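Structural description and commentary
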Amino acid sequence: MMNYTGLDRPKKPGYFLFWKAMFVAICLLGIGFIYAAADFVDYNWRWEQVPQYFWLDKDLEVRSEAEGDLTKIEKTAAGYTIIIQDGSHEEVVNMPPDANIFLMEGDYVYMGDTIGEYRVSKPGILLEATYVTLKVSMLAIVLGIVVGIISGLMRISENPCLRWLSITYVELIRGSPLLVQIFLWYFVAGSLINAMLDKIGLDPIPALWYGVFALAIFTGAYVAEIVRAGVQSVHRGQSEAARALGLSGPQAMRKVILPQAFRRILPPLAGQFISLIKDSSLLGVIAVRELTKATREVISSSLMSYELWISCTIMYLVLTFALSVAVQYLERRAVR
């Protein structure tokens, strides 16, 4: 009979039951601590007002910004056009076709009077900002993968020019703060590029794309090192066997080496891309209304700091958790 000792001894069912119960207890303890801390803080929680910043569904009143006679109410398929005349000054108010108008032609309107109201049902500012964060992150991830793979292969190239270019790029980008790189991309490189585009009659590149470029170049430097390490972790015999079968160097890299390296570099890539989603919060400095910037704007108008920052954190957690699950799925597919 085999004697099991130490780590080799089989675990009884009670062992797993105990530690599962311990996990649940720790989670409940953490939730209880958070609840007690929230109750202890001298703060008026207003969670019921948070949903409107994710989905706006309410009646909006339209008030007059001038004083005078309401001279015209015209309804078309596009909506209502209301004109308020005050001597030579004319105020034009446009409202959707399903609006309720409270005044009639000939009425005298004072500043601040309610002209009408209409129902609004659309994504709120935080949901729109979450989409911007997701869009920026996905574009930066795709570009970062391309830049990282190219730089990583240059890093292990026998060509000294390519190798030194890759080393210089990686060390410069990894050794400087991302915030500084965003400033340089937008205010320095962006100013020059947009000025050149203006001279030839083209529209300027939006700030969002400079943010994408900054994040992609920053991420590409880390991906390059991950790719380099993954390629070098594949045994040299794999490359020699591929060349012995008649494959060229690039073919061996594409068909034999990279597929094996890809399975090994997925976990560190996932960590890098999760960091990229959180790093996108820095794009607010160049007027990109991503999730963090939108949260700050809403807080300044609503004064609900705790509720909105917690909501912002939950949205980032949803995005990063979804990416983590997607990468785990790719890992399982790669193993099979």
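As shown above, the structure is provided for reference.
Right, let's walk through the structure included here. The model shown is predicted, which means the values in this text are computed figures rather than measured ones. (Residues numbered from 1 in each chain as written. Predicted model: local features only at pLDDT ≥ 70, side-chain atom pairs only at ≥ 80, totals over all residues. Heavy atoms only, no water.)

**Examining the sheet that holds strand S5 (residues 100–101)**
Short version of the rule: At least two bridges found by DSSP between two strands is the condition for calling them paired. Helix and strand assignments come from DSSP, with helices taken as H or I runs of at least 4 residues and strands as E runs of at least 2, each series counted from the N terminus.
An order of S1-S7-S5 is seen for the three strands of this open sheet, with the pairing classed as antiparallel. Each having just a single partner strand, strand S1 (55–63) and S5 make up the two edges of the open sheet. Across nine bridges, S1 lies against strand S7 (residues 114–123) in antiparallel orientation. Its bridge partner being in S7, Leu-56 is matched across the sheet by Lys-122.

**Let's talk about the packing of aromatic side chains**
Stated formally: Each aromatic pair joins two rings of Phe, Tyr and Trp (for Trp, the six-membered one) with centres within 6.5 Å, and gets the label stacked for planes under 30 degrees apart, edge-to-face for over 60, and tilted for any other angle. For each residue, the accessible area found with a 1.4 Å probe, counting protein chains only, is set against the maximum for its type, and the residue is called buried under 20%, exposed over 50%, and partly exposed in between.
The tally for this structure, following the rule as stated, stands at 14 aromatic pairs. Residues Phe-218 and Tyr-222 carry aromatic rings whose centres are separated by 5.2 Å and whose planes lie at 55° to one another, so their mutual orientation is tilted. One end of the pair, Phe-218, and the other, Tyr-222, are both in helix H5 (residues 207–233), four residues apart, so they sit about a helical turn from each other. Here Phe-218 falls in the buried class, since its relative accessible area comes to 10%. Note on Tyr-222: relative accessible area 25%, which makes it partly exposed. Among the aromatic residues, ring-to-ring pairing joins Phe-183, Trp-185, Tyr-186, Phe-187, Trp-209, Tyr-210 and Phe-213 into one connected group.

**Here's the deal with unusual backbone geometry**
With phi around 70°, Ala-287 is a residue other than glycine that occupies positive phi space. Examined against the element boundaries, Ala-287 turns out to sit in the loop between helix H7 (249–279) and helix H8 (291–302). Among the residues examined, Ala-287 registers a relative accessible area of 59% and is labelled exposed. Positive phi, normally seen in glycine, also occurs at Leu-303, with a value near 60°. Looking at the secondary structure, you find Leu-303 in the loop between H8 and helix H9 (305–335). Residue Leu-303 is classed as exposed on the basis of its relative accessible area, which comes to 63%.

**Notes on the pattern of salt bridges**
Put simply, the rule is: By convention in these notes, a salt bridge is any Lys or Arg side-chain nitrogen within 4 Å of a carboxyl oxygen on Asp or Glu.
Throughout the structure, instances matching the rule amount to nine salt bridges. Arg-119 is paired through a salt bridge with Asp-57; the nearest N and O atoms lie 3.3 Å apart. Here Arg-119, found in strand S7, pairs with Asp-57, found in strand S1; they are 62 residues apart in sequence, far enough to count as distant. The exposure class of Arg-119 is partly exposed, given its relative accessible area of 45%. One salt-bridge network, held together by shared partners, links Asp-57, Asp-59 and Arg-119.

**Looking at the sheet that holds strand S6 (residues 108–109)**
Pairing within the open sheet is antiparallel, and its four strands lie in the order S4-S3-S2-S6. Pairing within the sheet leaves two strands with one partner each, and these edge strands are strand S4 (89–95) and S6. Bridge analysis of strand S2 (residues 68–76) against strand S3 (residues 79–86) gives seven bridges, and the strand direction is antiparallel. Within S3, the position partnered with Asp-69 by the bridge is Gln-85.

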